Amino acid sequence: MTNTMTEAKLFGCRQSMDLAKAVAKQYGASLGQVNFSTFSDGEFQPSFEESIRGRRIFIIGSTHPSSDNLMELLLMLDAAKRASARHITAVIPYFGWARQDRKDKPRVPIGAKMIAKILESAGATRIITMDLHADQIQGFFEKPVDHLFGSALFIPYLKSLNLTDLTIASPDMGGSKRAYAYAKTLESDVVVCYKQRQKANVISHMELIGDVTGKNVVLVDDMVDTAGTLTKAADVMMERGAKSVRAICTHAILSGQAYERIENSQLVELIVTDSIPLRKESGKIRVLTCASLFADVMKSVQNNESISSNFIM
């Protein structure tokens, strides 16, 4: 088999096209051509405009709502499978629907597992993703999953700030493991927020476990949705005597009044990745690109090499 036949091809979903182009540039390849036909009722159909028979292909696309983004990725996976691609890797910077990783009350779905099974049925033979909402989601797949961490991007940035009296904070009990991992690497203290929700996206009460007096605090989370938790936590910490409060969140969903809350909050800055494109600019939001991280891992996967060098923690 010739080298031409074994070279990987990269394709991007429309919702992640800017990131896909950046990944392709870092990878050293150009994106393959995909055309979309759209029916008058909104139904769409992707079409690969070049042969992918016998190739390893990477399809890059986050699956944040609306559900059209997930459906687009699924249709592209199915098209690749039916076009006889040899290996089909779904590169999903943000794995949507991941908050439904368990039954937290009766008569609700485990949406994350359902999505995992659908991706495999559509044709994905490997998954590359970053900062899943819950690590155990990897176990919902029967195919290999490369689970990357945003810490590879955030920790070098935090070190460049040269913050004194650094303290890492988790905005909730569930994120304490992530906060402790950052704190171990940065040799800093840890505090944890305990919150009670009235309902989804609505916090009724928040308490702080730990001392932040005179500290430069960095809140660490996997995603920021309405920004209610982050901004509330920042207020509590400033009230308790913190010098400054920053936040690190890998996935910037930023729905509802998130932008307004961030602008009016006591956060110095919110640091995110481009796993999800921002809806608008904000002077308080700093974006670190994850393109080189994904490109490096994709090269290693293509060459059957270890990816461990891409992990800090």
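From a predicted model like this one, the values you see are computed outputs, not experimental measurements.

A.B. asks: What is the right way to read helix H9 (residues 291–302) from this model?
C.D. replies: Since the α-helix packs 3.6 residues into each turn, any two residues three or four apart lie on the same face. For H9, with 12 residues, the first-to-last C-alpha span of 16 Å sits near the 16 Å given by 1.5 Å per residue. The buried fraction of H9 is high, at nine of 12 residues. Those residues of H9 that sit buried are Ala291, Leu293, Phe294, Ala295, Val297, Met298, Ser300, Val301 and Gln302. Asparagine 304, located one to two residues past H9, shows a positive phi value of around 55 degrees.

A.B. asks: Where do I start with the side chain of aspartate 172 in this structure?
C.D. replies: Residue placement: aspartate 172 occurs in the loop between strand S8 (166–170) and helix H6 (176–186). Assessed through its relative accessible area of 17%, aspartate 172 is described here as buried. Of note is the side chain of aspartate 172, whose polar atom sits 2.9 Å from the backbone nitrogen of glycine 175. When neighbours within four sequence positions are excluded, aspartate 172 is seen to be in contact with Val192, Cys193, Lys195 and Asp221.

A.B. asks: Please clarify how the sheet that holds strand S4 (residues 56–60) should be interpreted in this entry.
C.D. replies: Whether parallel or antiparallel, the strands of a sheet pair through hydrogen bonds between backbone atoms. Across the sheet, five strands lie side by side as S1-S4-S5-S6-S7; this open sheet has parallel pairing. Either end of the sheet is taken by a strand with one partner, and the two such strands are strand S1 (9–12) and strand S7 (145–148). For this sheet, the mean inter-axis angle between neighbouring strands, taken without regard to orientation, is 15 degrees. Here H9 sits on the sheet in contact with S1, S4, strand S5 (87–92), strand S6 (126–130) and S7, set at roughly 155 degrees to S6.

A.B. asks: Help me understand the packing of aromatic side chains in this model?
C.D. replies: Within a pair of aromatic rings, the relevant descriptors are the distance that separates the centres and the angle that separates the planes. Evaluation of the coordinates by the stated rule reveals five aromatic pairs. Seen in terms of ring centroids, phenylalanine 11 and phenylalanine 48 are 4.7 Å apart; in terms of plane orientation they differ by 80 degrees. Their pairing is edge-to-face. Here the residue phenylalanine 11 occupies a position in strand S1, and phenylalanine 48 occupies one in strand S3 (residues 44–48), the gap between them amounting to 37 residues. Exposure class is identical for phenylalanine 11 and phenylalanine 48. Each is buried. In this structure, arginine 14 packs its charged tip against the face of phenylalanine 36, placed 3.9 Å from the ring centre. Sitting over the ring of phenylalanine 44, arginine 14 keeps its end group 5.2 Å from the ring centre.

A.B. asks: Would you take a moment to explain the environment of serine 47 for this structure?
C.D. replies: In this structure, serine 47 sits in strand S3. Placed 261 residues apart in sequence, serine 47 and serine 308 show a C-alpha to C-alpha distance of 35 Å. Beyond its immediate sequence surroundings of up to four residues, serine 47 is in contact with Gln33, Val34 and Asn35. Separated by 2.7 Å, the side chains of serine 47 and glutamate 49 make a polar contact.

A.B. asks: Whenever I open this one, the pairing of S4 confuses me. Can you help?
C.D. replies: Summarising burial for S4: five of the five residues are buried, a large majority. Burial along S4 is two-sided: the face carrying Arg56, Phe58 and Ile60 and the face carrying Ile57 and Ile59 are both buried. With helix H3 (residues 67–82) bridging S4 and its parallel neighbour S5, the resulting β-α-β unit is right-handed.

A.B. asks: Where do I start with the pattern of salt bridges in this structure?
C.D. replies: Tallying each qualifying case throughout the model produces 14 salt bridges. Across the salt bridge formed by arginine 99 and aspartate 225, the nearest N and O atoms sit 2.9 Å from each other. In this pair, arginine 99 sits in the loop between S5 and helix H4 (111–122) while aspartate 225 sits in the loop between strand S11 (216–224) and helix H7 (228–239), placing the two residues 126 residues apart along the sequence. On the basis of relative accessible area, arginine 99 is assigned to the partly exposed category, the value being 41%. One salt bridge in this structure joins lysine 215 and aspartate 189, with 3.4 Å as the shortest N-O distance. With a gap of 26 residues between them, lysine 215 in the loop between strand S10 (202–209) and S11 and aspartate 189 in strand S9 (residues 189–199) connect regions that are remote in the sequence. For lysine 215, a relative accessible area of 18% gives the class buried. Its relative accessible area of 43% is what places aspartate 189 among the partly exposed residues. Salt bridges linked by common partners bring Asp78, Lys81 and Arg82 together as one network.

A.B. asks: Quick question: what am I supposed to make of the confidence of the model for the protein chain here?
C.D. replies: Taken residue by residue, the protein chain gives an average pLDDT of 94. The fraction at 70 or more is 95%. Scored below 50 in pLDDT, residues 1–5 makes five contacts in the model with residues more than four places away or belonging to other chains.

A.B. asks: Hey, could you run me through the nonpolar core in this one?
C.D. replies: Nonpolar side chains in soluble globular proteins tend to be buried together. Ranked by internal contacts, the top residues of the largest apolar core, which has 32 residues, are Phe48, Ile57, Ile59, Leu77, Phe95, Leu119 and Ile137. Within the residue set of this core, elements represented by two or more residues are S4, H3, S5 and H4. Take this core: its biggest share by element is six residues, from H3. The contacts of leucine 119, once residues within four sequence positions are left out, are Leu73, Leu74, Leu77, Ile92, Phe95, Ala124 and Phe141. Ranked by size, the runner-up nonpolar core spans 28 residues in total, among them Ala169, Val212, Val224 and Val245.

Conventions adopted
- Residues numbered from 1 in each chain as written.
- Predicted model: local features only at pLDDT ≥ 70, side-chain atom pairs only at ≥ 80, totals over all residues.
- Heavy atoms only, no water.
- Helix = DSSP H or I, 4+ residues; strand = E, 2+ residues; numbered from the N terminus.
- Expected span 1.5 Å × (residues − 1).
- Buried < 20%, exposed > 50% of the residue type's maximum accessible area, 1.4 Å probe, protein only.
- Polar contact = N/O pair within 3.5 Å; in protein donor to acceptor, adjacent residues only side chain to side chain.
- Contact = heavy atoms within 4.5 Å.
- Pairing = 2+ DSSP bridges.
- Axes fitted to C-alpha atoms, helices over the stretch in contact; angles between N-to-C directions.
- Phe/Tyr/Trp six-rings, centres within 6.5 Å; stacked < 30°, edge-to-face > 60°.
- Lys NZ or Arg CZ within 6 Å of the ring centre and 35° of its normal.
- Right-handed = clockwise from strand over helix to strand, strands pointing away.
- Salt bridge = Lys/Arg side-chain N within 4 Å of Asp/Glu carboxyl O.
- pLDDT = per-residue confidence, 0-100.
- Core = buried A, V, L, I, M, F, W, Y, C linked by side-chain atoms within 4.5 Å.

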